[in-house]
Amino acid sequence: MHSLWKWSTGAGGTACCGPEAIEIDDNFGSTPHAEDERDTLPAEALAASLGCGSPTAVADLHEGERVLDLGSGDGIDALLSARRVGPAGKAYGLDMTEETLALALENQQKAGATNAEFLKGTLEAIPLPANTIDVVISNCVINLSTDKPAVFAEMIRVLEPGGRIGISDVVADDTLTPDQRAERGDYVGCIAGALSFAEYRQGLEAAGFTNRSRCPTWPC
């Protein structure tokens, strides 16, 4: 299963989440962004894209905002974010490997995104100062971290008060036992480390995020 989440830091923002269970086989692969947005990106970025949702859609980005994409990979979500926030905004992509950063930089040059920047680092130690980001997004990457509390803590550290997150991630149903999650992990490796819906909410709340409103279905 995967889920799209939108939460805020609790300083005046609104947020929602809408966990709608969808089979994995139907949702992994090239990120399901709108066709008009896909047409603005290099073909190489689309071909290399692997995600499980559209965090740029749930994050509701605006002109002039500063966005951080955790686990930016080929750069598709960071580049779309840069387009949405415009010249007055900024989009950062964070990844830990030289190969993916090199690919993202190539795609950035082809897209002509001068307001995008790609950084090397890990989700658990984001190389940005505190209170410098308006929106944190991530596409099917946080589930791979072995220290998710550290990831949640880093997200709220870099966010401005009132900032928000828009996450698409692999999430396990609350009814699945650890053994059942491990069995599914044999089929798709990233499932084994997935949190349940309840665990995800608890982790975000423990870090300081608030869920001010909840949508009964997705989209909201």
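Residues numbered from 1 in each chain as written. Predicted model: local features only at pLDDT ≥ 70, side-chain atom pairs only at ≥ 80, totals over all residues. Heavy atoms only, no water.

A.B. asks: Could you give an account of the overall build of the chain, with specific residues and numbers?
C.D. replies: When helices and strands are tallied, the chain shows eight helices and seven strands. Per-residue burial over the chain gives 53% buried out of 220 residues. Counting contacts in the chain only where the partners sit at least 6 residues apart, residues at least 24 apart contribute 74% of the total. Only carbon and sulfur atoms are counted for the fraction: they give 52% of the accessible area of the chain, which is about 9,700 Å². (Helix = DSSP H or I, 4+ residues; strand = E, 2+ residues; numbered from the N terminus. Buried < 20%, exposed > 50% of the residue type's maximum accessible area, 1.4 Å probe, protein only. Contact = heavy atoms within 4.5 Å. Areas by Shrake-Rupley, 256 points an atom, 1.4 Å probe, with all protein chains shown as cover.)

A.B. asks: How would you explain the packing of aromatic side chains if you had to name every residue and give the values?
C.D. replies: Evaluated as defined, the whole model comprises one aromatic pair. Ring centres of F152 and Y200 lie 5.5 Å apart, and the angle between their planes is 50°; on these two criteria the pair is classed as tilted. Taken as a pair, F152 in helix α6 (residues 148-158) and Y200 in helix α8 (residues 197-207) lie far apart in primary sequence, 48 residues in all. Each member of the pair, F152 as well as Y200, carries the same accessibility label: buried. (Phe/Tyr/Trp six-rings, centres within 6.5 Å; stacked < 30°, edge-to-face > 60°.)

A.B. asks: Mind laying out the nonpolar core, listing which residues take part and the relevant values?
C.D. replies: Counting 25 residues, the largest nonpolar core has L68, L70, V136 and M155 as the members making the most contacts within it. Contributions of two or more residues to this core are made by β3 (66-70), β4 (90-95), β6 (133-139), α6, β7 (159-170) and α8. The element best represented in this core is α6, accounting for four residues. V136 has contacts with L68, L70, M155, V158, L159, R164, I165 and G166, leaving out every residue within four places of it along the chain. (Core = buried A, V, L, I, M, F, W, Y, C linked by side-chain atoms within 4.5 Å.)

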